[in-house]
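# A structural walkthrough
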Amino acid sequence: MLPRPLASKGDTRVKILVVDDYPTMRRIVRNLLDQIGFKDVEEAGNGAEALEKIKVSRYDMVISDWNMEPMTGLELLKHVRADAALAKTPFIMVTAESKTENVIAAKQAGASQYIVKPFTAETLKAKIASVVN
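Computed from a predicted structure; not experimentally measured.

Basis of the calculations
- Residues numbered from 1 in each chain as written.
- Predicted model: local features only at pLDDT ≥ 70, side-chain atom pairs only at ≥ 80, totals over all residues.
- Heavy atoms only, no water.
- Pairing = 2+ DSSP bridges.
- Helix = DSSP H or I, 4+ residues; strand = E, 2+ residues; numbered from the N terminus.
- Axes fitted to C-alpha atoms, helices over the stretch in contact; angles between N-to-C directions.
- Contact = heavy atoms within 4.5 Å.
- Core = buried A, V, L, I, M, F, W, Y, C linked by side-chain atoms within 4.5 Å.
- Buried < 20%, exposed > 50% of the residue type's maximum accessible area, 1.4 Å probe, protein only.

## What about the sheet that holds strand 1 (residues 16-19)?
- Across the sheet, five strands lie side by side as 2-1-3-4-5; this open sheet has parallel pairing. Two strands in the sheet have a free side with no partner beyond their single neighbour: strand 2 (41-44) and strand 5 (113-116). Each adjacent strand pair in this sheet contributes to an overall mean axis angle of 20°, direction not counted.
- Alignment of strand 4 (residues 91-95) against strand 5, held across four bridges, turns out to be parallel. Opposite isoleucine 92, over in strand 5, you have glutamine 113 as the bridge partner.
- Contacting strand 1, strand 2 and strand 3 (61-65), helix 1 (residues 23-35) crosses the sheet at an angle of about 165° to strand 2.
- Relative to the sheet, helix 2 (residues 47-56) contacts strand 1, strand 2 and strand 3, its axis offset from that of strand 2 by approximately 135°.

See the structure below:
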């Protein structure tokens, strides 16, 4: 399955999967997405759960934390990029780590964008806009 094409820069009809092992952080990201107009949001508690969801449902974008068990966000990203049907799905990596080597690793693995926690709705909106255009 290929991701649905986005109609325009401001298209908020995209289906987003938020992946984080902390329910509070998933709720925060969901609320930020809601503030900027994204309503079709689903959640997964770790990379392994997200991968199962991605295999059965189509998502226009994945926003994933890096540090999770049993499968990290980086491992999830590598699985998504390795699957021809999913490879073009926009993938935003979220982490508390701002180390240069982490940013490089995420970009090399195919992350569309990288966000360092904490972040605002405006930051999230700008990162999403940069990957959907």
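## Here we look at the nonpolar core
- In terms of nonpolar packing, the biggest core is built from 22 residues, with Leu17, Val19, Ile54, Leu76, Leu77, Phe91 and Met93 touching the most fellow members.
- Sorting the residues of this core by element identifies strand 1, helix 2, helix 3 (73-82), strand 4 and helix 4 (100-109) as the ones contributing at least two each.
- Ignoring any residue separated from it by four or fewer positions in sequence, one finds valine 19 in contact with Ala44, Asn46, Gly47, Ala50, Val62, Ile63, Ser64, Asp65, Met68 and Leu76.
- Judged by nonpolar contacts, the second largest core, of 21 residues, contains Val18, Val29, Ile92 and Ile115.

Distances and angles like these do not, on their own, reveal function.
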